[in-house]
Amino acid sequence: FKGNSDPMQNLLPLITWVVWWIGLTMATALFGNFWNIISPWPALGKLISFFPGIHLNSKSEHLSLGKLAYWPAVILFFLYAWLELVHPSPMDPVTLARIIVIYMIITVSGIMIFGSKQWFKTCEPFTVFFRMVAWLSPIYLIPTKRRNKARLNIFSIRIPCSGLLRSELLPISGTAFILLVLSTVSFDGLSRTFWWLSINGINPLEFPGKTFMVLKNTLGLFSTYLVFSVAYYITNIITHFLNHNSKPSGSFIFSLIPIAFGYHFAHYLPTFLVDIQYALIALSDPFSLGWNLFGTSEWIVSGSFLSDFESVVTIWFLQISAIVLAHVAAVIVAYLLQLHDSQNGQNSILVQIPATMLMIGYTVFGLWLLSTPIAV
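Residues numbered from 1 in each chain as written. Predicted model: local features only at pLDDT ≥ 70, side-chain atom pairs only at ≥ 80, totals over all residues. Heavy atoms only, no water.

S.K.: Can you break down helix H1 (residues 11–31) residue by residue, with the values?
M.R.: Here H1 is 21 residues long, yet its end C-alpha atoms lie only 25 Å apart, well below the 30 Å a rise of 1.5 Å per residue gives. Of the residues that open H1, the one with a side-chain oxygen 2.9 Å from the backbone nitrogen of leucine 12 is asparagine 10. Just downstream of H1 lies glycine 32, where phi reads positive at about 105 degrees. (Helix = DSSP H or I, 4+ residues; strand = E, 2+ residues; numbered from the N terminus. Expected span 1.5 Å × (residues − 1). Polar contact = N/O pair within 3.5 Å; in protein donor to acceptor, adjacent residues only side chain to side chain.)

Written as structure tokens, this is what we have:
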């Protein structure tokens, strides 16, 4: 609230959208779940427990989530996606600060009603999101207990994406959450394309602004989610039909997580390379008082690499590689999960066809989004 009114000089929107949403997601896929370490919510839960009459660890004091499962996370993440993709001014510092305060109230209420353990496991969307992204990482933490009951976290190494080979099954709400993550980042790219603007009767070269597109983008965001969900459901039905001797397990949904991350990386990479410079500048002078805490406040932001041929080719290569490698990983994970779920190992190749066709379709869609003209 007290920082610079310019979003590109105020630390709050830069930390939220650039460092946290883009940067931390990339870091999580490489180095593990840092959000478990730096998340403020567990500390907030402990702070709440100090108040008289509040016992967050007592199951009898809280309602059971029951069939709600991940649905609160789905709803909250959809609202977050709407803020990022549809709201006219998601970078406005005052607007963002107010929304964060509201979200803190929602989090406190959820902790008090359902208990911190249940709320963080399935309801707090960003805890769920970063936990799932961390399944891609080759680095993970193994919590152990000493004799004095003190917890000790040990780093361990594994094959990248092997964390997706999970025996537990997500409920329908968990599947809906992953599909929502995949569809929102896809609509972010789609909403800027000349194609999307043209079908809404807008000249891409005379873009009227996000305020004019609020209703249309809201419908577009929901429609993209609906299309992705229907495509996933049809794929599952066809897969079960081809291997009707086995029960549909739903484990195929885990193989979509690499795809979601691959496009997240490819889509946000150019934005991150430019806006992280603004974040480092604002970090030295967070309240616009003329400070230079880290010697970066006098930096000049450079975006010239986006017009340099060699730099653009390098960025393009990284984007294409991320999408292709993510889909390769997804196909391997899907095959291993299906092989594990198959009762007799028969039809293991045949039942992979629907999932592979779905992934090929999304690969083409993702590459098209990177190649088609967009309105900035």
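The rest of the description comes next.
S.K.: Talk me through the pattern of salt bridges; I want residue IDs and the actual numbers.
M.R.: Pairing between side chains of opposite charge can happen when the charged atoms of each approach one another. Per the stated rule, a full pass over the model turns up 1 salt bridge. Its salt-bridge partner being aspartate 188, residue arginine 192 comes within 3.3 Å of it at the nearest N-O pair. We classify arginine 192 as partly exposed; its relative accessible area is 34%. (Salt bridge = Lys/Arg side-chain N within 4 Å of Asp/Glu carboxyl O. Buried < 20%, exposed > 50% of the residue type's maximum accessible area, 1.4 Å probe, protein only.)

S.K.: Could you give me a rundown of the packing of helix H4 (residues 71–85) against helix H6 (residues 116–123), with the residues and numbers involved?
M.R.: Between two packed helices, both the angle of their axes relative to each other and the distance between the axes serve to describe the pair. Viewed as axis vectors pointing N to C, H4 and H6 meet at an angle of 60 degrees, and their least axial separation amounts to 8 Å. Looking at the two axes, H4 sits oblique to H6. Contacts between H4 and H6 involve Pro72, Ala73 and Leu76 from the former and Trp119, Thr122 and Cys123 from the latter. Partitioning the contact of H4 with H6 into residue classes produces 5 nonpolar, 1 polar and no charged. (Axes fitted to C-alpha atoms, helices over the stretch in contact; angles between N-to-C directions. Parallel < 35°, antiparallel > 145°, perpendicular 65-115°, else oblique. Contact = heavy atoms within 4.5 Å. Nonpolar A, V, L, I, M, F, W, Y, C, P; charged D, E, K, R; others polar.)

S.K.: Describe the packing of aromatic side chains, and please don't skip the residues or the numbers.
M.R.: To describe a pair of aromatic rings, one takes the distance between the centres and the angle between the planes. This structure, assessed with the given rule, holds 29 aromatic pairs. When the centroid spacing of 5.7 Å and the interplanar angle of 65 degrees are considered together, the rings of tryptophan 135 and phenylalanine 254 count as edge-to-face. One end of the pair, tryptophan 135, is in the loop between helix H7 (125–134) and strand S1 (139–145); the other, phenylalanine 254, is in the loop between helix H10 (214–242) and helix H11 (257–284), and 119 residues separate them in sequence. Residue tryptophan 135 is classed as buried on the basis of its relative accessible area of 9%. Of the residues examined, phenylalanine 254 reaches a relative accessible area of 0% and is grouped as buried. Taking 5.6 Å as the distance between ring centres and 85 degrees as the angle between the ring planes, the aromatic pair formed by phenylalanine 228 and tyrosine 362 counts as edge-to-face. Within this pair, whereas phenylalanine 228 is found in helix H10, its partner tyrosine 362 is found in helix H13 (residues 352–371), the two being separated by 134 residues in sequence. Residue phenylalanine 228 shares its accessibility class with tyrosine 362, and that shared class is buried. In this structure an aromatic cluster arises from ring pairing among Trp17, Trp20, Trp21, Trp35, Trp41, Phe77, Tyr80, Tyr103, Phe126, Phe129, Phe130 and Phe177. (Phe/Tyr/Trp six-rings, centres within 6.5 Å; stacked < 30°, edge-to-face > 60°.)

S.K.: Quick rundown of the packing of H4 against H7? Include the residues and the values.
M.R.: For the pair H4 and H7, interaxial distance at closest approach is 9 Å and the crossing angle is 90 degrees. Judged by the inter-axis angle, H4 sits roughly perpendicular to H7. Residues Ala73, Leu76, Phe77 and Tyr80 of H4 form the contact with H7, whose participating residues are Pro125, Phe126 and Phe129. For the contact of H4 with H7, the residue count by class is 7 nonpolar, no polar and no charged.

S.K.: How would you sum up the confidence of the model for the protein chain? Please name residues and give values.
M.R.: Taken as a whole, the protein chain shows an average pLDDT of 86; of its residues, 88% reach a score of 70 or greater. Ranking the elements of the protein chain by mean pLDDT puts strand S2 (residues 151–157) last with 72 and H4 first with 96. Taken as a whole, residues 58–62 scores under 50 in pLDDT and shows 9 contacts with residues more than four places along the chain or in a different chain. (pLDDT = per-residue confidence, 0-100.)

S.K.: Kindly report on unusual backbone geometry, identifying the contributing residues and their values.
M.R.: Non-glycine residue cysteine 161 carries a positive phi angle of around 75 degrees. Summarising the element assignment, cysteine 161 is placed in the loop between S2 and helix H8 (172–190). Exposure remark for cysteine 161: the relative accessible area of 13% places this residue in the buried category. Of note, serine 288 is a non-glycine position whose phi angle comes to about 55 degrees, a positive value. Inspection of the secondary structure puts serine 288 in the loop between H11 and helix H12 (309–341). On the basis of relative accessibility, which here comes to 34%, the residue serine 288 falls in the partly exposed class.

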